[in-house]
Amino acid sequence: MKKLVLLLLMAISINLLAHERINFNSDWKFKLNDQTNAEMLSYNDADWRVLDLPHDWSIEGEYDLNNPMGGQCGYLPSGIGWYRKTIAVPANWKGKQVEIAFDGVFMNSTVWANGRKLGVRPYGWISFAYDISQETMSSDSITFAVRVDNDKQPSARWYTGSGIFANTWIDVKEQVHVAKSGIFIRTKGAQFEIDTEIENQLDKKAKLTLLTSIKDPSGKVVARMKDQLKVDAFASQNIKQTVELASPELWSLENPYLYTAVSEITAGNTVLDRVETRFGVRDIEWKPETGMWINGKNVKLQGVCNHQDAGALGSAVPDKILRFRIQQLKDMGCNAIRTAHNPQTPQFYDMCDEMGMLVMDEIFDGWMKKAENDYGAHSFAEWWNRDLTDWIKRDRNHPSVVIYSVGNETHGEIGKDLVARCHELDSTRPVTSGHSGSEYMDVFGVNGSSEKMGWFETMEKDRVFIGTENTHTWQVRGFYRTKTWYRDGYPNKRQKAYFYPDLTEKEVFSFDWTNASGRTNYKQIFNSSYDNGMVRLTSRQNIEQLRDIPFYAGSFRWTGHDYIGEATYVHGGWPFKSFMGGAIDMANFEKDLYYLYQSQWTTKPMVHILPHWTHPTLKEGTEIPVWVYSNCEEVELFLNGKSLGKQKPGVSWDKMQCQWMVGWTPGELKAIAYKNGKSVAEKVIRTATRPAQIALSVDGEGFSNKTKDIVQLRVTTTDDKGEFYPYGENRTYFQVIGSGKIRALDNGSPIDVEKHFEATNRIAFYGLTRAYIESTDETGNIAVLASCILGEKKQVTSNKVSIDTKILNLRGDVPNTKIEVFYTVDGSVPSTKSTLYKEAFEVELVTSVKALVVMNGQEVQLLEERFATDEGFVWNAKAVATNPGGDQAEDASFDGANIDTQGSNFNGKGYIDFGRNSGGYVEWYQENDGSQGEFHLQIRYSANDKIRSEYKVQLSINGEKQELILPALSNYRKDWAVFEVKAQLGSGANTIRVTALEDDGLSIDELLVK
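Fair warning: this is a prediction, and the values are worked out from it, not measured in the lab. (Residues numbered from 1 in each chain as written. Predicted model: local features only at pLDDT ≥ 70, side-chain atom pairs only at ≥ 80, totals over all residues. Heavy atoms only, no water.)

A. Summary view of the nonpolar core. The biggest cluster of nonpolar side chains holds 168 residues, and the ones touching the most others in it are Tyr83, Ile100, Phe144, Phe364, Leu388 and Phe526. If you tally residues by element for this core, the top one is helix α7 (residues 380-395), at six residues. Look past the residues within four positions of Ile100 in its chain and what remains in contact with it is Phe24, Trp28, Leu118, Phe128, Ala129, Tyr130, Ile132, Phe144, Trp169 and Ile170. Ala889, Ile912, Leu969 and Leu1007 belong to the second largest nonpolar core, which has 31 residues in total. (Core = buried A, V, L, I, M, F, W, Y, C linked by side-chain atoms within 4.5 Å. Buried < 20%, exposed > 50% of the residue type's maximum accessible area, 1.4 Å probe, protein only. Helix = DSSP H or I, 4+ residues; strand = E, 2+ residues; numbered from the N terminus. Contact = heavy atoms within 4.5 Å.)

B. Spotlight on the sheet that holds strand β45 (residues 768-775). Judged by pairing direction, the sheet is antiparallel, and its four strands sit side by side in the order β40-β41-β45-β43 without closing on themselves. Each edge of the sheet is formed by a strand with only one pairing partner; in this case those strands are β40 (693-699) and β43 (740-746). Shown here is a sheet whose adjacent strand axes are inclined to one another by a mean of 30°, direction ignored. As paired strands, β43 and β45 are joined by six bridges and run antiparallel to one another. Within β45, the residue paired with Asp746 across the bridge is Arg770. (Pairing = 2+ DSSP bridges. Axes fitted to C-alpha atoms, helices over the stretch in contact; angles between N-to-C directions.)

C. Inspection of the sheet that holds strand β51 (residues 847-855) at higher detail. On the basis of which strands lie adjacent, the open sheet formed by four strands has the order β49-β48-β51-β52 and antiparallel pairing. If you trace the sheet from one side to the other, it starts and ends with β49 (835-836) and β52 (858-867), each paired once. Taken together, the two bridges between strand β48 (residues 819-824) and β49 define a ladder with antiparallel strand orientation. Counted as the bridge partner of Phe822 is Leu836 from β49.

D. Seen up close, the side chain of Thr209. Tracing the chain through its elements places Thr209 in strand β13 (residues 206-215). Of the polar contacts made by the side chain of Thr209, one reaches the side chain of Gln228; its length is 2.8 Å. Those residues in contact with Thr209 that lie beyond four places of it in its chain are Lys226, Asp227, Gln228, Leu229, Glu264, Ile265 and Thr266. (Polar contact = N/O pair within 3.5 Å; in protein donor to acceptor, adjacent residues only side chain to side chain.)

E. Spotlight on helix α10 (residues 539-548). By the criterion of burial, α10 is predominantly enclosed, with eight of the 10 residues buried. Looking at the buried positions of α10, the neighbouring elements they touch are β21 (301-305), α9 (455-458), β30 (552-558), α11 (592-601) and β34 (623-630).

F. Geometry of empty space enclosed by the protein. Tallied over the full model, the rule gives eight cavities of 30 Å³ or more. Roughly 160 Å³ of volume is contained in the largest cavity. Phe509, Ser510, Phe511, His615 and Tyr727 are the residues nearest the centre of the largest cavity, which is lined by 16 residues in total. Residues belonging to the lining of the largest cavity are distributed by class as follows: 10 nonpolar, five polar and one charged. (1 Å grid on protein atoms, 1.4 Å probe; cavity = no way out; pocket = protein on both sides within 12 Å on 5 of 7 lines; lining within 4 Å. Points joined across faces, edges and corners; volume = space filled by probe spheres on them. Nonpolar A, V, L, I, M, F, W, Y, C, P; charged D, E, K, R; others polar.)

G. Broad picture of the packing of α7 against helix α8 (residues 414-425). Between α7 and α8, the least distance of the axes is 10 Å, while the angle of their chain directions is 25°. Taken together, α7 and α8 sit at an angle that is classed as roughly parallel. Here α7 runs over α8; the crossing is right-handed. Residues Phe380, Trp384, Asn385, Leu388, Thr389, Trp391, Ile392 and Lys393 of α7 form the contact with α8, whose own contacting residues are Ile414, Asp417, Leu418, Arg421, Cys422 and Leu425. Residues that form the contact of α7 with α8 fall into these classes: nine nonpolar, two polar and three charged. (Parallel < 35°, antiparallel > 145°, perpendicular 65-115°, else oblique. Left-handed = near helix turned anticlockwise from the far one by under 90°.)

H. Fine view of the packing of aromatic side chains. Within this structure, the stated rule accounts for 65 aromatic pairs. With 6.2 Å between their ring centres and 50° between their planes, Phe456 and Phe551 make a pair best called tilted. Here Phe456 is found in helix α9, whereas its partner Phe551 is found in the loop between α10 and β30, with 95 residues between them in sequence. Comparing Phe456 with Phe551, the two get one shared label, buried. Pairwise contacts between aromatic rings join Phe479, Phe511, Trp513, Phe526, Phe576, Tyr725, Tyr727, Phe765, Tyr766, Phe873 and Trp875 into one cluster. (Phe/Tyr/Trp six-rings, centres within 6.5 Å; stacked < 30°, edge-to-face > 60°.)

I. View of the environment of Phe499. For Phe499, the location among the structural elements is in the loop between β28 (485-486) and β29 (533-534). Considering only alpha carbons, one finds Phe499 and Gln932, 433 residues apart in sequence, at a separation of 23 Å. Excluding residues that lie within four positions of it along the chain, Phe499 makes contacts with Tyr486 and Tyr490.

J. Geometry of helix α4 (residues 319-332). Here α4 contains 14 residues, and its C-alpha end-to-end distance of 20 Å stays within 8% of the 20 Å for a straight helix at 1.5 Å per residue. Buried residues of α4: Ile321, Leu322, Phe324, Arg325, Ile326, Gln328, Leu329 and Met332, and no others. Once α4 finishes, Gly333 follows within two positions and takes phi at roughly 110°, a positive value. (Expected span 1.5 Å × (residues − 1).)

K. Layout of the environment of Phe444. Of note, Phe444 is situated in strand β26 (residues 444-446). Here the alpha-carbon distance between Phe444 and Ile80, two residues 364 residues apart in the chain, equals 39 Å. Setting aside residues no more than four positions away along its own chain, Phe444 makes contact with Thr432, Ser438, Trp455, Arg463, Val464, Phe465 and Ile466.

L. Seen up close, the pairing of β51. For β51, the buried fraction is high: nine of the nine residues fall into the buried class. Side chains Thr847, Val849, Ala851, Val853 and Met855 project from β51 onto one buried face, and the interleaved Ser848, Lys850, Leu852 and Val854 project onto a second face that is buried too. With six bridges connecting them, β48 and β51 associate as antiparallel partners. Bridging across to β51, Val821 finds its partner in Val853. Sheet topology note: the β51/β52 ladder contains nine bridges and is antiparallel.

M. Looking closely at the pairing of β34. In terms of burial, β34 is largely enclosed, as seven of its eight residues are buried. For β34 and strand β37 (residues 658-663), the ladder comprises six bridges, and the chain directions are antiparallel. Considered in β37, the bridge of Pro625 is made with Met661.

N. Representation of the domain arrangement of the protein. According to the domain assignment, the protein contains domain 1 (19-164), domain 2 (182-280), domain 3 (288-601), domain 4 (607-686), domain 5 (693-875) and domain 6 (888-1009). Spacing between the C-alpha centres of domain 2 and domain 3 amounts to 36 Å. Between domain 2 and domain 3, the contact holds 16 residues from the first and 22 residues from the second. Together domain 2 and domain 3 conceal approximately 1400 Å² of surface at their shared face, both sides included; 57% is due to carbon and sulfur atoms. Together, Phe184, Trp251 and Leu253 form the three largest contributors to the area buried by domain 2 at its contact with domain 3, with a combined 47%. Elements that contribute at least two residues to the side of domain 2 that touches domain 3 include exactly β11 (176-188) and β17 (270-279). (Domains from an automatic or database assignment. Buried area = accessible area lost by both parts, 1.4 Å probe.)

O. Seen up close, unusual backbone geometry. Here Phe106 and Met107 are connected by a cis peptide whose omega angle stands at -15°. Looking at the secondary structure, you find Met107 in the loop between β5 (97-102) and β6 (109-113). Each neighbour pair has its own omega, and for Trp574 with Pro575 the value is 10°, a cis peptide bond. For Pro575, the location among the structural elements is in the loop between β31 (563-564) and β32 (578-579). The backbone of Asn958 shows a phi angle near 55°, a positive value even though the residue is not glycine. Examined against the element boundaries, Asn958 turns out to sit in the loop between β59 (950-957) and β60 (960-967).

P. Just the environment of His435, in detail. Summarising the element assignment, His435 is placed in the loop between β25 (431-434) and β26. By relative accessible area, His435 is classed as buried at 14%. As a C-alpha pair, His435 and Ile742 span 307 residues in sequence and 42 Å in three-dimensional space. Sequence-distant contacts of His435, defined by excluding residues within four places in its chain, comprise Glu409, Thr410, Gly445, Val446, Asn447, Ser449, Thr468, Gly930, Ser931 and Ser987.

Encoded structure:
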């Protein structure tokens, strides 16, 4: 018996050594900026920073208006970075096939091993590997050097991150092995078909056996296939195996059941390679009349688009946070994610397989330039085939991946080749795009144009249709307006928007991030958390259309989570740093919109009330539209214990919310949801008084016993009774006690441009703050001390100030602590001789309160909070016009010209003056999320009639040029005229350039596109 056990252990050991995959993330060295000869073996990197991968150096930096990333990529630093790592070569690597693999490096990476250049990969969102067998055979150590070049900006239309943002690996294999991504599993009904590509790097023919075993989740073998083969020297061979399994368990959204194929290559009794591939069994059909069918069930794609970044964590998203975000979307009722507009990291697809989340797997944004220095501009033509091949071969075994997308709002005959190549590599999945080369696509995918009124009545129905970006609505968590807002105004012939009435005749709410004088661009506004801020249609109407139109196969809202970047086009630029179209903000806090979807897409009883019930500047009796979202049969609303009646959530978009017009009075709102006459869900919100405390909690899972684990700490601003204070904007200071550190801080604000990485304090945004805490060892105790000086910044209702400290234990034993707080109100630095805090105190306006937090006799935190009329958000901001201006010339790209502010009556903060420069130009980036077609361009200008009576300029749109004649004006730089011209704009990214053809006397103020 002992002999059998020993033999079994030996066999297991041999199998494990046949193919090793070693995580290679730890102890890299990093240096920002270009380094001369850093690829050389002899280079001295002693002063380089030591870090673990994944790593995004951009998110570690400071937001700055002048950073080259600009508003498109979120105002963070970019540049060039170097990574180096030296390892000893284990003896058992000698004679093996050894590779270094990268799951993602953004962008333009070059890799060396012992000074030998291994290769270059321009695309930042592709996985790749290099053979280092030459180095392992000839050397006892290897020094890797990786140069990452994200210097030229913008390198995309949104935040990309910079660096080795995904996992790295060392793969050690025998000379005979399964090729990288060399297994392709297809299922149809109970039949499995498996292709296995085997490589022979030996100088002689190999006589082999391929044994493929199918295991269920418990490890039980449910099927086997065995084939004999011979592979010539330095050659590869593809083996096709088929097997039928009686009554296989099917993979579905509700039951994501996964099998594992174990592929073993043997020569005699020696196992040469062993590869495990997870897969699911599911049959999918696509029908133009009814959309997608999974295992015989018609399934609507209730989807979202999401980018790579996760707010304060940048593009190097920890697995735990990524899994949390996917589950968060699933809990919302979402069942599909479009990887806009690039592949995600490999673990994303593993998680979707495990969790039952469908994926529209997208490879490219543009097939040509869409941002000045993106992949489309510099590398697409040369690299698309290799990148697309590597991508599909990597992802094609994932049951979660149900459709491929090859582009977004781009065009070109290359679309035909892209689709054909996808079909060559995987004929089991259809190909679509976001309104790109639609004539070549299997599935007709359309972005914003599919939102237009009348679209479904006129669209062709020859193929399956998906709204690849539908809908576009904007909302800021905690912000409310009762007046309807359209991005491009209403009515707008081009956008063909639906009409939605205002919720009230006069605007009820006035609290805002600033007043009109604080904005440098008319676009710099927050959008309402009622579903009433959009381009063409509301989220509710989109939900109704998707549900009720049989041939509407799926819809992917833009977006699931807010993201960094695209801050200029919609939101007017600095200090706006991010795009706020998500149902969830960047800090993973759910918006009201989240609960709308939950009420329509889930069945677990829920109820949600909006807005909050704290309105200290409203006159009592002012009627507020109170909305309640619920998936139950009936909802009853109570105000201070009195029933306001019952309502049934409706089916039509305008009845999905139950609405009561409730006269404002302080107190309690309670909603009770009923099914079959019984209460099944309840929600209570109450009026809060002044901010006085903070509450700490953890979202998601807590710490496990491992190093570099992460938790999401939530800080909630409350009043002295623990009620949520929805205007909270006081600063919380953090101190980690024990074996942990602060990874990053966030709050979900689109305008907070403080640094995230390893920060120690952060302001709240509408009452919430987020801290990401990371463990520094496996088992040590971890707790967090959070401290805050609380009070109304402008003292609208109260001049009282409280100082609160809270400790939350996160792992291990609760710390034994004694906390004392000493404070000053005269601007001096507090010490242990200052006033000991015991209770709330009053301060006058223009007072800086400073506090010293002492823990167990040690000074650990210094807090500060200023109270004044020029601090914080504003309570009586004047409303901004719906669409009062165009895109300012001074915010665009320009050359041979200058920004000037002389004169008067110009819009924005200045204008572009061409001076004596003929040939100078100003160029706007204009994104058209609808169909290509005719637009009206309005150029606002001033021209000096003292020099000439008319001025010639060249208008260039995507390279197509025409000459315009602008009449001169009598009062140069005081009088401004609008010159209108019709022009063709393409779908997606457009560049509009105005070039001065004559010198002197011309200024351009703005461009308006209608």
